[in-house]
Amino acid sequence: MSVSNPNSIHFKTFFSIIKSKRIIQVALSILSCIHTHTHTHKHTISILVNYDSHRCSEDTLLLSQEQERTLRAEDASWDDDIIPDLKILALRVIVSTWKDNPVLKDLSTCADKDVLVETLPTDLPFELTITRIDNDFYWERAAKDRWKHNDLTEHGGSWRRLYCERHLVEYLETLEASYFEAQREECEKLMTLVKNYVHVIRLHCLMPTK
């Protein structure tokens, strides 16, 4: 008969936390070393190409000249089988564990930070992202993923302000008035998070009192 150890679950949880933090430290060290080497020995220029605008139509692909062509510069999948750079792999590790280890300011270059905010999931907890991410591109992605229509002119040209104002509006419009006392702590917490970014809110309806 086996006897379960009540501390075993806590030990496993602790070990997983330590392990994940070690992974993050390794990833950050890799990025730092790569940045130092690149800055000292060479400069890299990245060119982004809009492949969709250069891709051939289906009718064009049926032409004999196209079928015989071996070099296809417009093929966006040409590098699918190429092993990613160590830098990209390190950033992917940071992205995959960002919810538990929200690293951003620790990244050594602006380029690495840009890659991070461009690839982070937009469904991360709001209380986590609003206090750590000030890059407007992330909030643009988050807003477009959450709402179909977004009028930036109504929110001072700021995507973070747009997201915070609309997030607060949705919260208030769905707030059960008869249960406000029970939700007071949650409401005050949200107000604290968005108070620096909310200027105007437009409420269309409120839940009726029961």
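Calculation criteria
Residues numbered from 1 in each chain as written. Predicted model: local features only at pLDDT ≥ 70, side-chain atom pairs only at ≥ 80, totals over all residues. Heavy atoms only, no water. Phe/Tyr/Trp six-rings, centres within 6.5 Å; stacked < 30°, edge-to-face > 60°. Buried < 20%, exposed > 50% of the residue type's maximum accessible area, 1.4 Å probe, protein only. Helix = DSSP H or I, 4+ residues; strand = E, 2+ residues; numbered from the N terminus. Core = buried A, V, L, I, M, F, W, Y, C linked by side-chain atoms within 4.5 Å. Contact = heavy atoms within 4.5 Å. Expected span 1.5 Å × (residues − 1). Polar contact = N/O pair within 3.5 Å; in protein donor to acceptor, adjacent residues only side chain to side chain. pLDDT = per-residue confidence, 0-100. Salt bridge = Lys/Arg side-chain N within 4 Å of Asp/Glu carboxyl O.

Here the focus is the packing of aromatic side chains. Enumeration over the complete set of coordinates arrives at five aromatic pairs. With centroids separated by 5.3 Å and ring planes inclined at 85 degrees, the aromatic side chains of Tyr 138 and Trp 139 adopt a geometry described as edge-to-face. Residue classification places Tyr 138 among the buried residues on the basis of a relative accessible area of 1%. Here the aromatic rings of Trp 147 and Tyr 163 are separated by 5.2 Å at their centres, their planes lie at 55 degrees, and the arrangement is tilted. With Trp 147 in the loop between α7 (136-146) and α8 (159-173) and Tyr 163 in helix α8, this pair connects stretches of sequence that are 16 residues apart. Look at Trp 147 and you get buried, because its relative accessible area is 7%. Overall, the relative accessible area of 8% leaves Tyr 163 in the buried class. Members of the aromatic cluster, joined through ring pairs, are Phe 126, Tyr 138, Trp 139, Trp 147 and Tyr 163.

The biggest cluster of nonpolar side chains holds 32 residues, and the ones touching the most others in it are Trp 98, Leu 116, Leu 120, Phe 126, Ile 133, Tyr 138 and Trp 139. Where this core is concerned, the elements lending two or more residues are α4 (86-96), α5 (110-119), α6 (126-129), α7, α8 and α9 (180-194). When residues of this core are assigned to their parent elements, the largest contribution, seven residues, is made by α8. Trp 98 has contacts with Val 103, Leu 104, Leu 116, Leu 120, Leu 124, Leu 128, Thr 129, Arg 132 and Ile 133, leaving out every residue within four places of it along the chain.

What follows is about α8. At 3.6 residues per turn, the α-helix brings residues three or four places apart onto the same side. Across its 15 residues, α8 extends 21 Å between first and last C-alpha, which sits within 8% of the 21 Å expected from 1.5 Å per residue. Within α8, 13 of the 15 residues are buried, which leaves the element mostly enclosed by the surrounding structure. For α8, the N-terminal cap is Ser 158; the gap from its side-chain oxygen to the backbone nitrogen of Arg 160 is 3.5 Å.

In this section: the confidence of the model for the protein chain. Averaged over all residues, the pLDDT of the protein chain equals 77, while 67% of them reach at least 70. Of all secondary-structure elements in the protein chain, the lowest mean pLDDT belongs to helix α1 (residues 8-41), at 54, while α7 reaches the highest, 96. Across residues 1-15, where pLDDT falls below 50, the model places zero contacts with residues more than four positions away in sequence or in other chains. For residues 39-51, every residue scores under 50 in pLDDT, and the model assigns this stretch nine contacts once sequence neighbours within four places are set aside.

To continue, consider the pattern of salt bridges. Any two side chains of opposite charge can pair, on the condition that their charged atoms come close. Taken as a whole and assessed by the stated rule, the structure comprises four salt bridges. Its salt-bridge partner being Asp 112, residue Lys 87 comes within 3.1 Å of it at the nearest N-O pair. Of the two residues, Lys 87 is situated in helix α4 and Asp 112 in helix α5; the sequence distance between them amounts to 25 residues. Notably, a salt bridge pairs Arg 146 with Glu 170, separated by 2.9 Å at the nearest N-O pair. Note that Arg 146 is positioned in helix α7 and Glu 170 in helix α8, a separation of 24 residues in sequence. Classification of Glu 170 by relative accessible area gives partly exposed; the value is 32%.

For Asp 112, a relative accessible area of 1% translates into the label buried. At 3.0 Å, the side chain of Asp 112 and the side chain of Thr 109 are in polar contact.

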